[in-house]
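# Tertiary structure, described
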Amino acid sequence: MQAECPTTAGTAIHEAFTRQLRAFRANPAPTLAQRQESLAKLLRILEQYDDAFASAINEDFGHRSRHESMMLDVGMTIGDIKDIRRHVGRWMKPRPVGVRRHLLPARARLLPQPRGVVGVISPWNFPVYLTFTGLAAALAAGNRVMLKPSELTPRTSALIGETLAEAFDPAQVCTIEGGRDEAAAFSALPFDHLLFTGSTSVGRHVAQAAARNLTPVTLELGGKSPALLGKHANVETAAQRIVFGKLLNAGQICVSPDYALVPREQLDHFIQAAQDAALRLYPDVLENADYTSIVSPHHYGRLIHMIEEARGSGSRVVQIGARAAETAATARRIPFTLVVSPDDDARVMQEEIFGPILPVLTYDTIDEAIERINQRDRPLALYLFTNDTCERDRVLEQTSSGGVTVNDTLWHVACDSLPFGGIGASGMGAYHGKCGFDAFSHLKPVFYQSRVNATSLLYPPYGRVTEWVGALLRKVM
Ligand code: NAD
């Protein structure tokens, strides 16, 4: 069942692209029925292979909570695709837009058209969700799609390739497996649009490669997303929800709360509430099937180094879990770890953490908290906990982030009526729901001139009539 698609770098990848481009030119306007059929195929794959995907992810991670794989990689993706399928017929229709008085009685419309051949580069942390949601949006918009899933989840990437090759002609959907060489060759292709989900540093390379072809990009990147407890927050509730957001997938989520900012007078209360919440959610780390491992020895070592460095520099480090000390490196499990008031130049405050470590910083005034957030790159997400609307609106107005959830973590991502994307170093462009359909479409502006119109009054040779019409236009426009 392996794809006809090539899996080596260079020429073969280019051939796969050329095949899709030719196919797109032969059929540049897939019908609604064709798009619905493509989405139905994706749904069938996910329903038929849900167990196989959960097992593959589990093996790739060392251990991945089966519930989280079923809910977040498979279930959420199925829900998103069903939603796209429900609405795609409406999204495809021409969209009337207004025309100003001087152009009447002409009409104007936006005509959604496929862009052509779309590339989707996805990361390892939600390998199915982050590959299939981009793929579904691009297919709904009528495109051909080439995928490059992550080499860090090789079993899942292979299964994605095999199942898609069984269902789709490679001229419509094709998977390129491989590592950095294949990825670099992939991003050098002259795609009509490229969706990249991954780190900010690799995102810069991808943007440079795409720029050489003037390929438009959607960059879904990461960063340090703060969780801010306002002066009017319920500390227990906030701690519970931050810990939940932090420990899901063991913190390996782009929108995971990266660090917490808490009022100085609430520091001890917050630390205690966070410990209690972690123990309630994951009473044990080592043997707990709900607790996910760190994906690779490299990432495990990176996180351990962050903790050791913080400890070495005198920061208070609190590790939670009855058997925290026994955590085995072989299982690559790291218990929930609080690092209290680390230095700004500590690694834990310099890099996106992407693991179950939560630095806790304190502030005295809400202005100071806002300033600390604004001193850094603009984050992918911001989480604000407050029961005061003035405080809420002040933080919303004075900070800039890809998205926000107020009084919880993560949930704005699951709300498909909201576009999802970053700003600045956390990304550019957005997708999800209708916004995803639009991201992979060219909304072609079309002006329909009316049979009866006055434009000939503006033709040369210019004279008195032109001046009179010009003066009139200046008044009515
Ligand atoms: P990564 O940037 O290392 O890799 C992502 C993908 O890029 C992989 O498929 C990889 O093969 C490919 N790649 C590597 N080098 C490349 C190159 N030179 N050109 C083109 N592609 C290349 O990221 P990762 O470690 O897989 O994922 C973790 C990062 O992704 C975190 O920073 C996280 O915040 C971010 N992320 C963002 C989102 C989002 O939606 N904004 C979602 C998940 C993860």
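Taking an unreviewed UniProt entry as the reference, the chain is identified by name as Aldehyde dehydrogenase belonging to Paraburkholderia pallida. Recorded under Sequence similarities (unreviewed entry), the UniProt text for the chain is reproduced unchanged: "Belongs to the aldehyde dehydrogenase family."

### Examining the nonpolar core
Core analysis: the largest hydrophobic core is formed by 85 residues, its most contacted members being Phe53, Leu164, Val255 and Phe270. When residues are assigned to domains, this core turns out to be shared by domain 1 (11–221 + 429–443) and domain 2 (226–421), each giving three or more. With residues up to four places along the chain from it excluded, the contact list for Leu164 reads Leu42, Ile45, Phe132, Leu135, Leu147, Val173 and Thr175. Counting 27 residues, the second-largest nonpolar core is a separate cluster that includes Ile294, Met306, Tyr363 and Ile373.

### Quick word on helix 1 (residues 11–26)
An ideal rise of 1.5 Å per residue puts 22 Å on 16 residues; helix 1 measures up with 23 Å between its terminal C-alpha atoms. Every buried residue of helix 1 is listed here: Ala12, Ile13, Ala16, Phe17, Gln20, Leu21, Ala23 and Phe24. Next to the buried residues of helix 1 lie strand 2 (107–114), strand 3 (117–121), strand 4 (144–148), strand 5 (173–175) and helix 7 (180–187).

### Comments concerning the sheet that holds strand 5
Judged by pairing direction, the sheet is mixed, and its six strands sit side by side in the order 5-4-3-6-7-15 without closing on themselves. Each of the sheet's edge strands pairs with one partner strand only, and the pair in question is strand 5 and strand 15 (427–428). Of the pairings in the sheet, the one linking strand 6 (residues 193–197) to strand 7 (residues 217–220) comprises four bridges and is parallel in character. Bridging from a neighbouring strand, Leu195 pairs with Thr218 of strand 7. The strands touched by helix 1 within the sheet are strand 3, strand 4 and strand 5, with strand 4 carrying the most contacts at an inclination of about 160 degrees.

### What to know about helix 3 (residues 50–61)
Across its 12 residues, helix 3 extends 17 Å between first and last C-alpha, which sits within 8% of the 16 Å expected from 1.5 Å per residue. Within the span of helix 3, buried status applies to Phe53, Ala54, Ala56, Ile57, Asp60 and Phe61. Seen end-on, helix 3 carries its buried residues on one side only, within an arc spanning 165 degrees. In this structure, the buried residues of helix 3 make contact with helix 2 (32–48), helix 4 (66–92), helix 5 (129–140) and helix 6 (154–167).

### Remarks on the domain arrangement of the chain
Looking at the assigned domains, one finds that the chain contains domain 1 (11–221 + 429–443) and domain 2 (226–421). Centre-to-centre separation of domain 1 and domain 2, based on C-alpha positions: 30 Å. Between domain 1 and domain 2, the buried area comes to about 2,000 Å², and carbon and sulfur atoms account for 53% of it. It is His63, Trp124 and His432 in domain 1 that bury the most area against domain 2; as a group they hold 27% of the surface buried on that side. For the interface between domain 1 and domain 2, the tally reads 10 residue pairs in polar contact (both at pLDDT 80 or more). Elements with a minimum of two residues in the side of domain 1 that touches domain 2: helix 3, helix 4 and helix 15 (433–439). When the residues that make up the side of domain 1 that touches domain 2 are grouped by side-chain class, the tally is 10 nonpolar, eight polar and six charged.

### Points about unusual backbone geometry
Residue Pro105 follows Leu104 across a cis peptide bond; omega there is 5 degrees. Residue Pro461 follows Pro460 across a cis peptide bond; omega there is 0 degrees. Mapped onto the elements of the fold, Pro461 is located in the loop between strand 16 (441–448) and helix 16 (464–476). Its identity is not glycine, yet Asn249 carries a phi of approximately 55 degrees, on the positive side. One can find Asn249 in the loop between helix 9 (235–247) and strand 9 (259–263). Residue class for Asn249 comes out buried when judged on its relative accessible area of 0%.

### Quick word on the site of the ligand
Inspection of the region around the ligand gives 28 residues, with Ser122, Glu151, Ser199, Leu221 and Glu352 positioned closest. The contact in question runs from an oxygen atom of the ligand to an N or O atom on the side chain of Ser199, over 2.7 Å. One of the backbone N or O atoms of Glu220 is found 3.4 Å from a nitrogen atom in the ligand. Surface burial for the ligand is 93%, taken as the share of its 860 Å² of free accessible area covered by protein chains. For the shell around the ligand, the elements supplying multiple residues, two or more each, are helix 7, strand 6 and helix 8 (200–212). The biggest single contributor to the shell around the ligand is helix 7, with four residues.

About the criteria used
- Numbering of residues begins from 1 in every chain and follows the order in which that chain's sequence is written.
- Per-residue local features of the predicted model are confined to residues with pLDDT of at least 70, and side-chain atom pairs are confined, for both listing and counting, to 80 or more; whole-chain, interface and lining totals are unaffected and use all residues.
- Just so you know, side-chain values use all the structure's heavy atoms and leave hydrogens and water out.
- UniProt positions are given in the numbering used here, feature names are shortened, and annotations may be inferred rather than shown by experiment.
- Only buried Ala, Val, Leu, Ile, Met, Phe, Trp, Tyr and Cys residues count toward a nonpolar core, and they belong to the same one when joined by side-chain atoms within 4.5 Å.
- Burial here depends on accessible area, computed with a 1.4 Å probe over protein chains only, as a share of the maximum for the residue type. Under 20% is buried, over 50% is exposed, and the range in between is partly exposed.
- Segmentation of the chain into domains, including their bounds, is taken from an automatic or database domain assignment.
- The contact criterion used throughout is that any non-hydrogen atoms of two residues lie within 4.5 Å.
- We count a stretch as a helix when DSSP gives it H or I for four or more residues in a row; a strand needs E for two or more, and each element gets its number in order from the N terminus.
- A helix's residues, less one, multiplied by 1.5 Å, set its expected span.
- Should DSSP find at least two bridges between two strands, the strands are taken to pair.
- Every axis in this analysis is a line fitted to C-alpha atoms, fitted for helices over the stretch in contact. Angles between the N-to-C directions lie between 0 and 180 degrees.
- The arc in question is formed by the directions pointing from the helix axis toward the C-beta atoms.
- What gets called buried area is simply the loss in accessible area from a 1.4 Å probe that two parts show on being joined, summed for both.
- Here a polar contact means two N or O atoms within 3.5 Å. Within protein one must be a hydrogen donor candidate and the other an acceptor candidate, and residues neighboring in sequence count only if both atoms are side-chain atoms.
- Under the grouping applied here, Gly and all other residues not named as nonpolar or charged are polar, the nonpolar ones being Ala, Val, Leu, Ile, Met, Phe, Trp, Tyr, Cys and Pro and the charged ones Asp, Glu, Lys and Arg.
- Nearness here has a simple test: a residue counts as near a molecule or strand if at least one of its heavy atoms is within 4 Å of that partner.
- Every accessible area reported is derived by Shrake-Rupley at a probe size of 1.4 Å, with residue values counting cover from the shown protein chains alone.

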